[in-house]
Structure formats: C-alpha cells, structure tokens
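One letter stands for each residue in the lines below.
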Amino acid sequence: MIFGLGKKSRKDGKSETRETASDHDQEKRTEDDPPLQSTAALAADDLRRTVDADTLKLKTTDDLEPMHGLIGQERALRALHFGAGMRSYDYNIFVLGPDASGKSAAVHATLTALAAEAANPNDWVYVNNFQHSNSPNALCLPPGQARPLEKAMVAVIDELRATLPTAFESEDYQARARAIDAEYGGQPEEQLQALGQKAEQRGIAFLRTPLGFTFAPMLEGKVVKPEAFAAMPPSMQSKVKENIEALQQELTELLQSFPRADKERRQNLGTLNEEVSANAVKAALADVLADFGKDEGVQGFLRAVETDLIANAHLFISEETGERSDFVPQPLDSSRDPRFRRYMINTIIGQETDNRGAPVVKATNPTHGNLIGRAEHLAHMGALVTDFLLIKPGALHRANGGYLLIDARKLLLSPFAWEALKRALSTRSIRIEQPAESLGIVTTQSLDPQPIPLDVKVVLFGDRELYYLLSQSDPEFQQLFKVQADFDDTIARTKDNTVAYARLVAAIAGEHALKPLDKSAIARIIDEGSRMAGDRDKLSIEVSRIGDIVREADYWATDAGRKVTTREDVHRAINEHVQRADRLRDRDQETFERGIVLVDTEGEAIGQINGLSVLQLGEFSFGRPTRITARVRFGPGRVVDIEREVKLGGPLHSKGVMILWGYLAGMFAQDRLLALSASLVFEQSYGGVDGDSASSTELYALLSALADAPIRQGIAVTGSVNQLGEVQAIGGVNEKVEGFFDVCSARSLTGAQGVIIPKANVQHLMLREDVVDAVKAGKFSVFAVSKIAEGIEILTGMPAGERGADGAFPEGTVFARIEEKLRLFAERASSSGGGASQAGTGDAMS
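S.K.: Before we go on, may I ask you to explain the layout of surface pockets in this structure?
M.R.: Empty space among the atoms becomes visible once a probe the size of a water molecule is rolled across them. The volume enclosed by the second largest pocket comes to roughly 480 Å³. Gly-102, Ala-105, Leu-504, Glu-511 and Val-543 are, among the 18 residues lining the second largest pocket, the residues nearest its centre. Counting only elements with at least two residues in the lining of the second largest pocket, the list comes to helix H2 (103–116), helix H17 (495–511) and helix H19 (543–559). Looking at which element gives the most residues to the lining of the second largest pocket, the answer is H19, with five residues. Within the lining of the second largest pocket, the residues separate by chemical class into nine nonpolar, six polar and three charged.

S.K.: Sorry if this is basic, but what is going on with the sheet that holds strand S3 (residues 123–127) here?
M.R.: Here we have three strands laid out as an open sheet, ordered S4-S3-S8, and antiparallel in their pairing. Taken across any chain shown, the strands that pair with only one partner, and hence form the sheet edges, are strand S4 (137–141) and strand S8 (346–349). Within the sheet, the average angular offset between the axes of one strand and its neighbour, ignoring direction, is 30°. As paired elements, S3 and S8 share three bridges and run antiparallel to each other.

S.K.: Looking at this structure, how should I read the environment of Gly-394?
M.R.: Relative to the helices and strands, Gly-394 is located in the loop between strand S13 (391–392) and helix H11 (395–399). Residue classification places Gly-394 among the buried residues on the basis of a relative accessible area of 0%. Along the primary structure Gly-394 and Ile-432 are separated by 38 residues, whereas in three dimensions their C-alpha atoms are 9.1 Å apart.

S.K.: What is the right way to read the side chain of Thr-490 from this model?
M.R.: Structurally, Thr-490 is set in strand S19 (residues 490–492). Ignoring sequence-local partners within four residues, the contact set of Thr-490 consists of Ala-533, Lys-538, Leu-539, Ser-540 and Ile-541.

S.K.: What's the story with helix H15 (residues 464–473) in this structure? I'm lost.
M.R.: For an α-helix, the turn length of 3.6 residues means that residues three or four places apart are oriented alike. Along H15, the positions that sit buried rather than exposed are Leu-466, Tyr-467 and Leu-470. Buried residues of H15 fall within an arc of 100° about the axis and therefore sit on the same side. Every exposed residue of H15 that faces more than 90 degrees away from the buried side is listed here: Glu-465, Gln-472 and Ser-473. Buried residues in H15 make contact with strand S2 (93–96), helix H12 (408–413), helix H13 (417–427), helix H16 (475–480) and strand S18 (483–486).

S.K.: What should I look at first to understand the environment of Gly-144 in this one?
M.R.: Here Gly-144 shows up in the loop between S4 and helix H3 (146–168). The spatial distance from the C-alpha of Gly-144 to the C-alpha of Trp-124 is 9.9 Å, given a sequence separation of 20 residues.

S.K.: What exactly am I supposed to notice about the pairing of S3 here?
M.R.: When a strand is regular, its side chains alternate between the sheet's two faces. By the criterion of burial, S3 is predominantly enclosed, with five of the five residues buried. Every second residue of S3 is oriented toward a common face, with Asp-123, Val-125 and Val-127 on one face and Trp-124 and Tyr-126 on the other, all of them buried. As judged from the five bridges shared by S3 and S4, these two strands associate in the antiparallel manner. Within S4, the residue paired with Val-127 across the bridge is Asn-137.

S.K.: Sorry if this is basic, but what is going on with the side chain of Asn-497 here?
M.R.: Following the sequence through the fold, Asn-497 ends up in helix H17. In this structure Asn-497 touches Ile-71, Ile-491, Ala-492 and Leu-539, once residues within four positions along its chain are discounted.

S.K.: Help me understand unusual backbone geometry in this model?
M.R.: A negative phi holds for most residues other than glycine; trans holds for most peptide bonds. Although it is not a glycine, Lys-57 sits at a positive phi angle of roughly 55°. Assessed through its relative accessible area of 75%, Lys-57 is described here as exposed. One non-glycine residue, Arg-428, lies in positive phi territory at about 55°. In this structure Arg-428 comes out as partly exposed when scored by relative accessible area, which is 45%.

S.K.: Quick question: what am I supposed to make of the packing of aromatic side chains here?
M.R.: All chains considered together, the criterion is met by 20 aromatic pairs. Measuring from ring centre to ring centre gives 6.4 Å for Trp-418 and Phe-477, while their planes differ by 45°; the resulting arrangement is tilted. Taken together, the positions of Trp-418 in helix H13 and Phe-477 in helix H16 put the pair 59 residues apart, joining distant regions of the chain. Take Trp-418 and Phe-477: they sit in the same class, and that class is buried. Against the face of Tyr-89 rests Arg-428, its NZ or CZ located 4.2 Å from the ring centre.

S.K.: Just to check I follow, could you spell out the sheet that holds S2 for this structure?
M.R.: Sheet strands line up and pair through hydrogen bonds in the backbone, either parallel or antiparallel. The strand order S9-S14-S17-S2-S18 describes an open sheet built from five strands, whose pairing is parallel. Only two strands of the sheet have a single partner each, and these edge strands are strand S9 (360–363) and S18. Strand-to-strand, the axes of this sheet are offset by a mean angle of 20°, without reference to chain direction. Bridge analysis of S2 against S18 gives four bridges, and the strand direction is parallel.

S.K.: Please explain the pattern of salt bridges as it appears in this structure.
M.R.: Side chains that differ in charge, positive against negative, can pair when their charged atoms come close. The full count for this structure, using the stated rule, is 42 salt bridges. Lys-422 serves as the salt-bridge partner of Glu-419, at 3.1 Å between the closest nitrogen and oxygen. With a gap of three residues between them, Glu-419 and Lys-422 both fall in helix H13, about one helical turn apart. Judged by its relative accessible area of 41%, Glu-419 falls in the partly exposed class. Here Arg-493 and Asp-527 are joined by a salt bridge, their closest N and O atoms 3.2 Å apart. Of the two residues, Arg-493 sits in the loop between S19 and H17 while Asp-527 sits in helix H18 (residues 519–533), which places them 34 residues apart along the sequence. Accessibility assignment for this pair places Arg-493 and Asp-527 in one class, buried. One network of salt bridges, in which partners are shared, links Arg-531, Glu-738, Asp-742, Arg-768 and Asp-770.

S.K.: Looking at this structure, how should I read the nonpolar core?
M.R.: Nonpolar side chains in soluble globular proteins tend to end up buried together. Counting residues in hydrophobic clusters, the biggest one holds 54 residues, and the most contacted among them are Leu-149, Met-153, Leu-160, Val-288, Phe-301, Leu-309 and Phe-316. Elements that contribute at least two residues to this core include exactly S3, S4, H3, helix H4 (171–185), helix H7 (234–292), helix H8 (296–311), helix H9 (314–317) and S8. Non-local contacts of Met-153, meaning those with residues more than four positions away in its chain, are made with Val-288, Phe-301, Leu-302, Val-305, Tyr-343, Met-344 and Ile-345.

S.K.: Got a minute to help me understand the packing of H17 against H19 in this structure?
M.R.: A packed helix pair is summarised by two numbers, namely the angle formed by the two axes and the spacing between the axes. Axis separation between H17 and H19 bottoms out at 10 Å; the angle between their running directions is 65°. The interaxial crossing formed by H17 with H19 has right-handed handedness. Here H17 contributes Tyr-501, Leu-504, Val-505 and Ile-508 to the contact with H19, which in turn contributes Val-543, Ile-546, Gly-547 and Val-550. For the contact of H17 with H19, the residue count by class is seven nonpolar, one polar and no charged.

S.K.: It is not clear to me how the pairing of strand S22 (residues 608–617) should be interpreted in this structure. Could you clarify?
M.R.: One ladder, built from 10 bridges, connects S22 with strand S23 (residues 620–634); its direction is antiparallel. Looking at the pairing, Asn-610 lines up with Arg-627 of S23. With two bridges joining them, S22 and strand S28 (residues 715–717) adopt parallel strand pairing. The residue bridging Gly-611 from the neighbouring strand is Val-717, located in S28.

S.K.: Just checking my understanding: could you explain the confidence of the model for the protein for this structure?
M.R.: Note that predicted coordinates carrying low pLDDT should not be read in detail. Looking at the protein, the pLDDT average stands at 84 and 85% of residues meet or exceed 70. In the model, residues 1–31 has pLDDT below 50 throughout and makes 103 contacts with residues more than four positions away in sequence or in other chains. Every residue in residues 836–846 is under pLDDT 50, and counting partners more than four places away or in other chains gives 42 contacts.

Here is what the cut-offs are and how they apply
- Residues numbered from 1 in each chain as written.
- Predicted model: local features only at pLDDT ≥ 70, side-chain atom pairs only at ≥ 80, totals over all residues.
- Heavy atoms only, no water.
- 1 Å grid on protein atoms, 1.4 Å probe; cavity = no way out; pocket = protein on both sides within 12 Å on 5 of 7 lines; lining within 4 Å.
- Points joined across faces, edges and corners; volume = space filled by probe spheres on them.
- Helix = DSSP H or I, 4+ residues; strand = E, 2+ residues; numbered from the N terminus.
- Nonpolar A, V, L, I, M, F, W, Y, C, P; charged D, E, K, R; others polar.
- Pairing = 2+ DSSP bridges.
- Axes fitted to C-alpha atoms, helices over the stretch in contact; angles between N-to-C directions.
- Buried < 20%, exposed > 50% of the residue type's maximum accessible area, 1.4 Å probe, protein only.
- Contact = heavy atoms within 4.5 Å.
- Arc of directions from axis to C-beta.
- Phe/Tyr/Trp six-rings, centres within 6.5 Å; stacked < 30°, edge-to-face > 60°.
- Lys NZ or Arg CZ within 6 Å of the ring centre and 35° of its normal.
- Salt bridge = Lys/Arg side-chain N within 4 Å of Asp/Glu carboxyl O.
- Core = buried A, V, L, I, M, F, W, Y, C linked by side-chain atoms within 4.5 Å.
- Left-handed = near helix turned anticlockwise from the far one by under 90°.
- pLDDT = per-residue confidence, 0-100.

Here it is as structure tokens:
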C-alpha cells in the first residue's frame, strides 16, 4: 500500500473527474452532486470541543499557582504510598503507563518526600579478613561513621610510621637489645677457645679452616706431618687418635648447642620488639577503639589490626627497603602505600553527617556491575590482581535502606542484571560476584566478599505491555513485585481538571524560565490536550509532549518579538511540529492528486466505496482513503475476501468479513438459500490489512452491489459492524476524517462530500480547525450513524426500508431490492439443484 503525509491542492484549483470502465454491476454518474442533507449530519460544535478563554479568569500564567505533581492519578499514587509503606521485601512496585506521562518525575518527587521522614540507613564498609584475605568482611556502622573510621585508620598508620621507628631507635631499646646480644653473643667463642686450650694440653692442635674446624697431632708446639705421624710407634698413634676422637665428639656437641642459644637470643629479642611495638600500636589505636569500638564487629576488626601491626612492625622500620611494588610504584601517602593496604577501610555506603532521611537512587544504567557492585582489577606484572579496596558499590548499595528506581526495559536488556536483582531481593542480601561466576565458568581465584544485608524498595518503570509480559513469562516477577501503580494517560475534562491543566502549563513555563502564556494560549493547549487524548471529554497528561508544545510556542513568540506567548504561537508550534514529520503524508497526498491511487470524491458508483484507514509512522499518524469494491453473482454461497486469499488480511479483518455474511443471512435469507457469490477487495492495497474498522464499509459496498444502488463517492465511511447491523466504534476517527478531507480539499470541496462515522465515536471528535470551518461553511459534512440502515440511506439517497406486517420490505427501498435479488438467486439454485448456503451456514468465506 502506498502511503504518506500532508495535503496539497491542484495548481488550477479545480476538481478532476476520472472515468472508469463500468458494467451492469458498476456504473458511475459524474454530474454535480446536490449538497448533502441528513438528520445524521453533525453540527460544527459537535466536531471539536473548545475552551472559551474568557472563562479561565486570568490574564497570563503569572496569575496561577504552578501545579507540581500529577493530575488525576489518585489510583496510582495510592498504590505508590501503599507499596512504599509495606516494608516486606516482596512488596516492590512496578509503575506502568505511557513514557511521556511524567510518571518518573512524579514518583521520584513522591518517594523523596516519603524518604525525608524515614530514618537514616546504616553505613557499610569492607575490611580485610586477616584469616582469609580473599573473603573481605562487611562491617555495619551507625550513619555517618564510615568515612571518619576510614580517615582514622589512615591517621593510625601515619602515626605509627612516625612513632615506631622512634621507639626502636630509643636508648632504652638499644640498651636492652645490646644486653641480649651480649648475653648470647660471646658464649660460642669462649667455648671454642676453651676447647682449643684443652686440646693443646693433650698435644692436639685445634685448627680453623675454610671448611670448618679440625684437629691434628702436635709435637713440640708444631703440627706433625702425616709422614712423621706414620713413623711414630703404634701405641703413640693409638693414644693420639683416641684424644682426637674425644675432642671431635666434644666439638660436635658444642656446635649443636650454638643454634639453640641463637634461637633463645632471637626469641628474647623478638619479645622485646613485640613489647615495644605493642606499646606504640596500642597507643595509636586507643582513640579509634574509644570512638568506634562499641560495635562488636568493629572492635574485632581493630583487635585483628592490632595483632597484625605488632607482628609486622618491621614494615614501619625498614621503609626504605620495604616492598613497594604490589600496586603503586611510589606511594604518596599511607592510604596508597601497598604495604599498609590491608589496614585501610573501603567505604561502601557512607552517609554524610548532614544527610537526613532514606536515599532515593535512580539507576540510569542498570548493568550487572552497576546494580550489585563489582570487584575491579589492576594489572601487575602481566596478571590481574585485586583486593578488598577495589570493591566498588552498586546502585543497590547506595539505595540500601531507601528506594531504587530502575527503567525495566534497560534492566532487561542488560545481561545478567535482571536475575541478579531478583536474587538480591529474594535473599535480601547483596552478594558481589562476577557474571561468569554465576555461570560456573570461572576457575581462577577471585574475591568472595561477605554479603551485605539488603533492605530496599525497588520501583520499576515500564509500559503495560512489558508488565503483562513479565507477569505471564516470569513466575518470580509476581512474587517480588506485588504492587502495581498504574498511571493513566488521560484524565476527565472537568472544570477542576481544566484549571489544574492551566496550572500545569504555568509550572512548565516556570520550570524552564519561559515567557508567560496568555489565556488564549492556555485555552489552545487545553484543546490540544483533548486532541492528544483522542477524546473530547478527556485530557492527555503526556507531560513531556505538553512541555514540548509550551517550549516551542515560547520559541515562536520570541521569533515574533512578543513578550507573552499567545494562541497564535501555540497554534504555530503545533503545526510546525506536524510539518516536520509529515513528508510521507505529502507524498501520499500527491499520489491521489496525480491519479496514481484511484479514489473518487465525486459522482456515484455501484459496489464501490471509499474506506478509511490510519497509518502510524513513529509518533505521527494520519488517515488516508482506500477504494473498496464488491461484486456479486449467483453462486454456491460464499464471500471471497481477496485480501485473505492472498494472505494480506489479518485475523480481525477476516472476522469482519465473516460478520458480513452473518448479517446478510440473518437479514435476508432466514427462510431460503443464500445462493450468492461475492468478492471484496481493497483496491491498490499492497501491504497487510487488519482490523475490522472497514467492515461496515465493505457491507455498504456489498449492499450496493446487491441492490444495484449507486453509492455517492464523495462520502467515505469508517466503522465496524456486528451481525445485527449495529455500527460500532473504531479508533483513529480524527485522523480518518481529516485524511479524506485533505483529499477532497486538494481537489475542491463541493459541499456534497463528507464522512460517515459511528455515533459512538462522536465523543472522540477533536477535528482540526480547518475541517470545522469547512463544516460551518457547508462545504463538508460529518455523519454519525448507529445502524447500517442509516448509513446506506446517506450513501444512496434511497430509503433503506423496514419490514412491514407482511414481513416484506416496502417496494423501491434498498433492502427490498436486495431481498428480491437474493430470492431470484435462491430460486435459480433450487431449480438447478445447486448447493448454496442455507441461512448463512456452510462455506461463508474462502
């Protein structure tokens, strides 16, 4: 199907008449049609509901108190207050409604007010686990205590870097250390000298060589050479060997005693070092314990820090040669020195001292890591390393104790994020883990931080389709999100709501620092609100779109040099917005003007009628006419829906065609065969067709073909129909009327043109001002009907007919003609033995 946007007039300003082939079932008359006269024609006041600016009782928006919040959303706001008040973990909230309704800002404002009255949530920090460093501990602190504790631990390390070296350089320590060395350091040498003297008394030399200690025979104060020793008498040699063996045994025992002595020396020296270190560490931690040690968890951590600091005091003494390459090559301060990282505090949730109330956090990018937190890594010597200080909090941490606002569609589009959120809500804890860990595909060691208890109210935002999809496909969704805050997209157009609407406009103008709007501009915006709602008795509360109109009108007021925004500026803003989006409508309009798409707006034809449809292009929609034709003949009793045959018709369209058969059978063939074959088609339709809004139009074409009654081509029709012949409401009525009006206006309005709509749709009419003006001038008409009979009379200019007491229609009426033709078809079928449908049964559609 060719379609587009816009309206254009022929350059010569004349209407054009196109001749088409005609036969006995379809003939056309091109003489001028008389102006339409019908009690079903609507007055101009019925086509658009407008606000009288004088009734607003103001000059500009400066005279109004701005409206902050939402209008007419009591149901949604009650649900929001209920969900916020239910502290159970499974009473989370799903806010559903149109994106432009302003629900996000309203919910944020409402929850912020509720959060201000709530208690401040606790602080949470991660600290090193000195027993298992890959499983950091989570500590809970009173509100506002996390960051002071973090600074206090840095101060402790700074103090120890100054006090510990001083303590070990003191005279007292040095004297005590020398005493220990003196006690154990001289004993080995004295014992060796004594052993040497003992050996010399026995005529044995005690020698020290590069390979250790040894003994050798000695004669007259000199070591005996091996040749001389061999020349000695055997008795003397035996005695020397015995002495050497005894001395060797004594030397072995002596050497074995030396390590034990050194060990005692080192133990005594270590005890001294521990004593000195403990005095300095305890003094440094005393203030921290006094300020933060009331909590059992913090006290346990500080005791573990004390023990580790005492055991690793050497890190503070040998700073120039200490290990410095774990993370940062040249640390600038204690908090960045890799030797002291394990004593630091990683603040995950830290309330400021001046904060009051619970947090309200909006997750703008709800990825897995941004939601539950993550452990970052640093590259070190070709490997990725991490520790507890590289744990980063997520939105759940920041919102803990308060409210977390998330766009549901973004959440579902982020891998692993939805499952992580459900897991956190179900377990009521925040466990930081990598997505790959949850899949079981990571085998390398990583951090496993202690989970933090979760107390948060999650608020998801999404449209209705997404809400119902989750409700149907995810069982856990309904278990965790039990509160539905359904924001409506329209409100009733009452006097109070009209005033509130004006105050909303004033709030928008004030928020964006715009020029004031006069009462005519406000009235025009209220009218457009009903147009956006598609209902004269409703007002759209698409705050975003209303704000766009106000801001664009302010631009055009500035462009015109006005200090106050007027009705003309609002009108231009609306028209310019449409003009920016209607290129395709212009191209579509051109196809009618050039005769590419065949649609007649004058004359009459049998079995031919103009239907109306709506095309949606993003946020912009427009109506266009389509020729629908019907042909009938004697046959076995079936209606061929050509759209369905070629698989262009959707199920709703096919349903509508089947209803036509039910209407015909019930109306004209209750006691005879329905020996009819008919075909229906949307001419020049090259795309899919669905919906039943053209079912009444198709029925009119079918009735025209059966009655040989020509239909006025200047009238287009929309509306669905049921089997009883009642015309039912459809959608997009304003766009459909305007679409046919644009085609007629481009060719020249004759006064014999118009549109038939369902009477139930009159309440939805908010037509453009140019359409209303044409109706006032008698150049165009809009008819509202509730029965097929009413519509066929307007289209053919003939009475439809009602059954009399004899059960027959009056002669010369449309229905009498139809019944007569169907009677002839039935008689022919009976005489020929054909198998037509009886009373609408059998193969009604192909």
